[in-house]
Amino acid sequence: MQEFAEHLAGDAPLAEWDRSCLWHPFTPMQAWQNEDAPIIVRGQGFDLFDEAGNRWLDGISSLWCNVHGHCVPELDQAVRDQLEKIAHTTLLGLGSEPSIRLARALLSRAPAGLSRVFYSDSGASTVEVALKMAYQFQRQKPGGTDRRRLFLSIGNAYHGDTLGTVSVGGIDLFHRCYRDLLFPGITVPSPVALRVPQGHTRAGWLQYCFEEAERQIRTRREELVAVVMEPLVQGAAGILVHPPGYLRHIRELCDRHDVPLIADEVAVGFGRTGTLFACEQEQVSPDILCLAKGITGGYLPVGATLVKEQIYEAFLGQPWEGRTFYHGHTYTGNALGCAVGLRSLQLFEERNLLANVAQCTEVLRERMSILEGHPHVAEVRQRGVMVGIELVRDRDQLVPYGADQRVGHQVTLEARRRGVIIRPLGDVVVLMPAPAMPVSAVQRLCDVVLESIDAVTFGRSIGETAAC
Ligand SMILES: *Cc1c(COP(=O)(O)O)cnc(C)c1O
């Protein structure tokens with residue numbers, strides 16, 4: 001029998017216990033046993049620290065959710081103030097002050113027409129909620145029908161890891177195992193043109209993607225529940241950046257053919273693309289907007305699905321009529337999370353965060369431009385402070401590295417030896433500085449990432465070549 005004695009943090013063999021007790025998300029656990037990943041015990045600003053006091057720059061916003069840094073006095077205080085009152089109380093049958101205040105703050109900043117906030121507690125749940133709401137809406141709206149069963153999604157989409165969100169997802173590596181469990185849908189190709197199918201030019205392929213979306217939405221309009229998409233940037237697919245006008249195009253098609261648009265801004269929301277919400281950049285107002293990751297500044301798990309009044313109204317009626325949205329999570333609208341979410345939104349304005357994002361965007365663009373012509377970089381993709389650098393064995397023929405080389409992972413290890421935490425998507429090196437990261441820290445992030453890419457792709461590692 002294993003003993004689970006409690007130790008003080010200082011003398012606990014945490015690394016050993018991690019290997020013996022934990023199952024990490026999205027992690028090949030056999031290789032993990034030989035890795036020496038830092039165990040973070042505290043953070044300060046944009047740095048993370050382990051027990052021994054080693055320090056790393058948080059180059060991926062703690063997986064895309066941190067906004068203002070760690071241990072931000074104002075956010076800490078907001079949590080403490082709320083904690084003095086109550087940590088959590090249910091929204092099932094009761095109201096809760098922070099959930100109301102945050103809802104108003106979100107709606108006052110969100111694209112026009114969104115008028116209701118439904119809370120949950122992760123990005124996947126916000127999309128799951130959106131899918132179920134749209135489905136039920138189609139059945140309950142005036143003149144509704146149960147013939148509408150299909151969602152239209154974009155190739156290589158990522159909307160979360162629950163079965164509903166995997167059904168509208170398109171990342172084969174993550175999703176193929178569950179295929180038989182998923183509901184069917186329609187997929188249109190992602191409008192990106194690094195590699196284009198035989199017989200297409202780059203420009204011709206993008207044109208085809210626009211037309212294919214038009215054709216599918218027009219011909220399948222009677223069967224569609226909704227269109228679901230990540231506006232501007234498909235994050236988990238490898239920071240795929242859509243061409244200007246694609247989001248606007250989809251919005252117009254949805255309007256013309258009377259199909260609701262669900263915008264999943266879980267990754268792109270809260271400043272990452274340069275505006276508070278990505279939809280703003282193409283003057284698009286979705287019918288349903290999904291928010292999570294950055295909503296609490298990266299402090300606590302809160303998700304919010306914002307909807308237009310017309311959708312909400314289809315759920316009204318006498319309690320016994322069964323039009324209710326029967327969905328909820330125990331921690332829906334958590335008070336600590338909503339309190340810190342509200343304070344985080346205020347900090348966007350108090351600190352003029354979008355101006356910092358604009359500056360950092362330029363720094364990233366300038367620094368990454370050096371990779372143009374790099375023999376092992378297929379493409380640098382950037383929108384705002386979201387950057388993906390795709391590494392390949394051969395740039396001209398776009399020959400990928402072997403999966404067994406784990407090149408993206410090797411770059412991560414090189415960066416870690418140089419004091420920076422990043423995490424790749426396959427062979428795409430991802431930079432995702434927090435929207436509030438100062439320019440000087442972004443410069444350091446760039447220095448280290450550029451050096452690490454060269455170290456790995458030109459075989460000049462400064463450490464042990466990783467045993468994993
Ligand atoms: C991360 C992400 C999700 C899932 O969010 P979780 O909080 O991890 O469930 C959904 N959609 C997009 C676009 C994401 O980037």
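Residues numbered from 1 in each chain as written. Predicted model: local features only at pLDDT ≥ 70, side-chain atom pairs only at ≥ 80, totals over all residues. Heavy atoms only, no water.

Peer 1: Looking at this structure, how should I read the site of the ligand?
Peer 2: Around the ligand, the neighbouring residues are Ser-122, Gly-123, Ala-124, Tyr-158, His-159, Gly-160, Glu-230, Asp-264, Val-266, Ala-267 and Lys-293. Contact between the ligand and Ala-124: an oxygen atom at 2.8 Å from a main-chain N or O atom of the residue. Protein contact buries 81% of the 380 Å² of open area that the ligand shows by itself. Among the residues making up the shell around the ligand, the classes are represented as four nonpolar, four polar and three charged. (Near = heavy atom within 4 Å. Polar contact = N/O pair within 3.5 Å; in protein donor to acceptor, adjacent residues only side chain to side chain. Areas by Shrake-Rupley, 256 points an atom, 1.4 Å probe, with all protein chains shown as cover. Nonpolar A, V, L, I, M, F, W, Y, C, P; charged D, E, K, R; others polar.)

Peer 1: How should I be thinking about the sheet that holds strand S13 (residues 377-383) in this particular structure?
Peer 2: Spatially, the three strands line up as an open sheet ordered S13-S14-S16, and their pairing is antiparallel. Edge positions in the sheet fall to S13 and strand S16 (428-431), since each of these pairs with one other strand and no more. For this sheet the average axis-to-axis angle between neighbouring strands, irrespective of direction, equals 15°. Across six bridges, the pairing between S13 and strand S14 (residues 386-391) is antiparallel. Pairing of Glu-379 across the sheet is with Glu-390, part of S14. Across the face of the sheet, helix H13 (residues 353-368) comes into contact with S13, S14 and S16 while running at roughly 170° to S13. (Pairing = 2+ DSSP bridges. Helix = DSSP H or I, 4+ residues; strand = E, 2+ residues; numbered from the N terminus. Axes fitted to C-alpha atoms, helices over the stretch in contact; angles between N-to-C directions. Contact = heavy atoms within 4.5 Å.)

Peer 1: I would appreciate a short explanation of the domain arrangement of the protein chain in the present structure.
Peer 2: Bring the parts together and some accessible area is lost; that lost area is often taken as the interface size. Segmenting the protein chain into domains produces domain 1 (12-68 + 352-457) and domain 2 (76-350). A C-alpha centroid distance of 26 Å is found between domain 1 and domain 2. A per-residue breakdown of the area domain 1 buries against domain 2 is headed by Trp-64, Arg-383 and Met-386, which together make up 27% of the total. Across the contact surface, domain 1 and domain 2 share one salt bridge. Where domain 1 meets domain 2, there are 15 residue pairs in polar contact (both at pLDDT 80 or more). (Domains from an automatic or database assignment. Buried area = accessible area lost by both parts, 1.4 Å probe. Salt bridge = Lys/Arg side-chain N within 4 Å of Asp/Glu carboxyl O.)

Peer 1: I tried to follow the packing of aromatic side chains on my own but got confused; where do I start?
Peer 2: For any two aromatic rings, the description comes down to two numbers: the centre-to-centre distance and the angle of the planes. Taken as a whole, this structure holds six aromatic pairs when the rule is applied. Residues Phe-270 and Phe-277 carry aromatic rings whose centres are separated by 5.4 Å and whose planes lie at 70° to one another, so their mutual orientation is edge-to-face. Pair check on accessibility: Phe-270 and Phe-277 agree, each one buried. Look at Phe-315 and Phe-325: their rings are 5.8 Å apart centre to centre, the planes differ by 85°, and that puts the pair in the edge-to-face class. Of this pair, Phe-315 sits in the loop between helix H11 (309-313) and helix H12 (335-350) while Phe-325 sits in the loop between H11 and H12; the two residues are ten residues apart in sequence, bridging distant segments of the chain. The class for Phe-315 is buried, based on a relative accessible area of 14%. (Phe/Tyr/Trp six-rings, centres within 6.5 Å; stacked < 30°, edge-to-face > 60°. Buried < 20%, exposed > 50% of the residue type's maximum accessible area, 1.4 Å probe, protein only.)

Peer 1: How should I be thinking about the sheet that holds strand S4 (residues 114-120) in this particular structure?
Peer 2: Two modes of strand pairing occur in sheets, parallel and antiparallel, and in both the strands are linked by backbone hydrogen bonds. Taken together, the seven strands give an open sheet; going across it, the order is S4-S12-S11-S10-S7-S5-S6, and neighbouring strands pair in mixed fashion. Each end of this open sheet is capped by a strand with a single partner; those strands are S4 and strand S6 (186-188). On average, adjacent strands in this sheet sit at an angle of 20° to one another, irrespective of strand direction. Where strand S5 (residues 150-154) lies against S6, three bridges are found, and the strand directions are parallel. Bridging from a neighbouring strand, Ile-154 pairs with Val-188 of S6. Against the sheet, helix H5 (residues 97-109) makes contact with S4, strand S11 (288-291) and strand S12 (303-308), and its axis sits at roughly 135° relative to S4, the strand it touches most. Contacting S5, S6 and strand S7 (224-229), helix H9 (residues 202-219) crosses the sheet at an angle of about 160° to S6.

Peer 1: Where do I start with the pairing of S11 in this structure?
Peer 2: Each regular strand carries side chains that alternate between the two faces of the sheet. Covered by surrounding structure in S11 are Ile-288 and Cys-290 together with Leu-289 and Leu-291, the residues of both alternating faces. Pairing of strand S10 (residues 261-264) with S11, which is carried by three bridges, proceeds in the parallel orientation. Each bridged residue has a counterpart across the sheet, and for Ile-262 the counterpart in S11 is Ile-288.

Peer 1: Looking at this model, I keep getting lost on a nonpolar patch on the surface. Mind explaining?
Peer 2: On the surface, Leu-163, Tyr-178 and Leu-181 cluster together to form a nonpolar patch covering roughly 300 Å² of accessible area. Assignment of secondary structure puts Tyr-178 in the loop between helix H8 (172-175) and S6. (Patch = residues over 30% accessible without salt bridge, like charges linked within 9 Å, V, L, I, M, F, W, Y side chains within 5 Å.)

Peer 1: Hey, could you run me through the nonpolar core in this one?
Peer 2: Among the nonpolar cores identified, the biggest contains 90 residues, and Leu-106, Phe-270, Ile-389, Leu-391, Ile-422, Val-429 and Leu-431 are the most heavily contacted of them. Looking at this core, the element that brings in the most residues is helix H15 (residues 439-457), giving eight residues. Two domains each put at least three residues into this core: domain 1 (12-68 + 352-457) and domain 2 (76-350). (Core = buried A, V, L, I, M, F, W, Y, C linked by side-chain atoms within 4.5 Å.)

Peer 1: Honestly, the pattern of salt bridges in this entry has me stumped. Any pointers?
Peer 2: Taken as a whole, this structure holds 24 salt bridges when the rule is applied. For the salt bridge of Arg-101 with Glu-97, the shortest nitrogen-to-oxygen distance reads 2.8 Å. Placement of both Arg-101 and Glu-97 in helix H5 is noted, with a separation of four residues, approximately one turn of the helix. Here Arg-101 falls in the partly exposed class, since its relative accessible area comes to 48%. One salt bridge in this structure joins Arg-220 and Glu-223, with 2.8 Å as the shortest N-O distance. It is possible to trace a salt-bridge network through shared partners that takes in Arg-195, Glu-379, Arg-381 and Glu-390.

Peer 1: Sorry, what's going on with the environment of Val-399 here?
Peer 2: For Val-399, the position within the fold is in the loop between S14 and helix H14 (407-417). Residues Val-399 and Phe-315, spaced 84 residues apart in sequence, show a C-alpha to C-alpha distance of 52 Å. Apart from residues lying up to four places away in sequence, Val-399 is in contact with Val-392, Arg-393 and Asp-394.

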